Amino acid sequence: MSNTQVDLTYEQFISTAIEAINTEISALSLLTEQIDDRFAQACDIILACKGRVVVTGMGKSGLIGRKIAATFASTGTPAFFMHPGEAGHGDLGMLVKGDVLLAISNSGESDEIKMLLPVVKRLDIPLISISRDKRGMLPHAADIVLTLGKSQEACPLNLAPTSSTTATLALGDALAVALVHARNFTSEDFALSHPAGALGRQLLTRVEDLMHTKSEDLPLIHQDEPLQEALFTMSAGRLGMTVVTDDNDKVVGVFTDGDLRRGLEKGIDLKTPMRELMVNNPRHVNKTMRASDALSVMNESGISQLLIIDEKNCLEAIITVHDLLQAGVK
């Protein structure tokens, strides 16, 4: 290895970076010309798969393969990565009838994958290959041959996988996206495979997961009770509000801390009945609503609490903006 270092100016660093990026853009442009019926056939094979999509590749192709498998798995296509070297020493047992093998080799001549092909054929497992072109051992053995095109690597020596790995990654993403459309995969489906992430929490958390229920002594007061009694109810409830009901326990209004402040500014009497002070037709939501949607309702309405009312128009629960923010809902 040469120890000679070339001193580059900032301008040269920047121009080199732009040149590398443009070279990879050209590779992606070339890739679009390779998308044809073979791509659609590959999608059909994967959709018909009763098992898993097993992705394999050696070296840099393997690193890209791991990401492709992870994207498949998180978007509704069961998949995992199998290292071809380890597969030749027992891990090939991961591959069973009903699976589909997606093998990646830019040259199409990976020795590690070549050793696996007789077993793949014996198991009658569909083989989809990704390579630079249709030449090579792997494309000749594959049922569906996906190609990247003969692009130049961004590496100045045209040796280190750069443009080719970018194109492979993009092709894997294209497969995953096409399958998402075909499966009618929804954001709720996505959340089920991402429960630990912030996005998963946003999509999975419902109002019913955070709301205060009747078992927590919700702040309720009859419409004929005076403001003085409502203050005690609000203080005990610690939700910044009280819900006003009629003789049949049906919700007729709400009274909040904000309403109290505005009333005090006007000099209201503590003996005033709640029917004269409450806000009619309070906003309410369904308990199965996404918590993030409930927060949007609060923000749009400029309120800090929402009621959950049952089919008889009786109070079932209350949820506050504090509950949502404390749970990390945005």
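All values reported here derive from a predicted model rather than from experimental measurement.

Draft legend 1. Just empty space enclosed by the protein, in detail. Across all of its chains, the model carries 1 cavity of 30 Å³ or more by this definition. Reported here for the largest cavity is a volume of approximately 40 Å³. Lining the largest cavity are Gln34, Ile35, Asp36, Arg38, Phe39, Leu146, Thr147 and Leu171. For the lining of the largest cavity, the secondary structure elements donating two or more residues are helix 2 (37-47) and strand 5 (144-147). A per-class count over the lining of the largest cavity returns 4 nonpolar, 2 polar and 2 charged.

Draft legend 2. Quick look at the sheet that holds strand 9 (residues 251-256). Spatially, 7-8-9-10 is the arrangement adopted by the 4 strands of the open sheet, whose pairing is mixed. Two strands close off the open sheet at either side, each with one partner strand: strand 7 (220-222) and strand 10 (279-280). Here strand 8 (residues 241-245) runs beside strand 9; their pairing, made up of 5 bridges, is antiparallel. Paired with methionine 241 across the strands is threonine 256, a residue of strand 9. Relative to strand 9, helix 12 (residues 257-265) is tilted by about 65°, and along the sheet it contacts strand 9 and strand 10.

Draft legend 3. Summary view of the pairing of strand 11 (residues 305-309). Counting buried positions along strand 11 yields 5 of 5 residues, so the element is predominantly enclosed. In strand 11, alternate side chains face the same way, and those of Gln305, Leu307 and Ile309 on one face and Leu306 and Ile308 on the other are all buried. As defined by bridge partners, strand 11 adjoins strand 12 (residues 315-320) across 5 bridges and the pair is classed as antiparallel. Each residue of the ladder has a partner; that of isoleucine 308, found in strand 12, is alanine 317.

Draft legend 4. Representation of the nonpolar core within the structure. By size, the foremost hydrophobic cluster in this structure holds 27 residues, and its most contacted members are Phe72, Leu102, Ile128 and Leu146. Among the elements of the structure, helix 2, strand 1 (53-57), helix 3 (60-74), strand 2 (79-81), strand 3 (100-104), strand 4 (127-131), strand 5 and helix 8 (163-183) are those that each provide at least two residues to this core. Counting residues in hydrophobic clusters, the runner-up holds 18 residues, among them Met82, Val120, Ile125 and Met137.

Draft legend 5. The packing of helix 2 against helix 8, seen in detail. Two numbers describe how helix 2 lies on helix 8: the axes approach to 10 Å, and their chain directions differ by 60°. On the basis of their axis angle, the class for helix 2 and helix 8 is oblique. Our pair here, helix 2 against helix 8, has a crossing hand that is right-handed. Judged by residue contacts, Phe39, Ala42, Cys43, Ile46 and Leu47 of helix 2 engage Leu171, Ala174, Leu175, Ala178, Leu179, Ala182 and Arg183 from helix 8.

Draft legend 6. Summary view of the side chain of threonine 77. Counting through the fold element by element, threonine 77 comes out in the loop between helix 3 and strand 2. According to the relative accessible area criterion, threonine 77 is buried, its value standing at 2%. Among the polar contacts listed, one links the side chain of threonine 77 to the side chain of arginine 183, at a separation of 3.2 Å. If sequence neighbours within four positions are ignored, threonine 77 has contacts with Ile46, Val53, Phe72, Leu179 and Arg183.

Draft legend 7. Fine view of helix 1 (residues 10-32). Spanning 23 residues, helix 1 covers 34 Å between terminal C-alpha atoms, matching the ideal 33 Å at 1.5 Å per step. For helix 1, the set of buried residues is Thr23, Ala27 and Leu31.

Draft legend 8. Molecular detail of the pattern of salt bridges. Evaluation of the coordinates by the stated rule reveals 8 salt bridges. A salt bridge links aspartate 173 to lysine 67; its shortest N-O distance comes to 2.8 Å. Of the two residues, aspartate 173 sits in helix 8 while lysine 67 sits in helix 3, which places them 106 residues apart along the sequence. According to the relative accessible area criterion, lysine 67 is partly exposed, its value standing at 35%. In this structure, aspartate 259 engages arginine 262 in a salt bridge whose closest nitrogen and oxygen atoms are separated by 2.8 Å. With aspartate 259 and arginine 262 both in helix 12, this residue pair falls 3 residues apart, about one helical turn.

Cut-off values and rules
Residues numbered from 1 in each chain as written. Predicted model: local features only at pLDDT ≥ 70, side-chain atom pairs only at ≥ 80, totals over all residues. Heavy atoms only, no water. 1 Å grid on protein atoms, 1.4 Å probe; cavity = no way out; pocket = protein on both sides within 12 Å on 5 of 7 lines; lining within 4 Å. Points joined across faces, edges and corners; volume = space filled by probe spheres on them. Helix = DSSP H or I, 4+ residues; strand = E, 2+ residues; numbered from the N terminus. Nonpolar A, V, L, I, M, F, W, Y, C, P; charged D, E, K, R; others polar. Pairing = 2+ DSSP bridges. Contact = heavy atoms within 4.5 Å. Axes fitted to C-alpha atoms, helices over the stretch in contact; angles between N-to-C directions. Buried < 20%, exposed > 50% of the residue type's maximum accessible area, 1.4 Å probe, protein only. Core = buried A, V, L, I, M, F, W, Y, C linked by side-chain atoms within 4.5 Å. Parallel < 35°, antiparallel > 145°, perpendicular 65-115°, else oblique. Left-handed = near helix turned anticlockwise from the far one by under 90°. Polar contact = N/O pair within 3.5 Å; in protein donor to acceptor, adjacent residues only side chain to side chain. Expected span 1.5 Å × (residues − 1). Salt bridge = Lys/Arg side-chain N within 4 Å of Asp/Glu carboxyl O.

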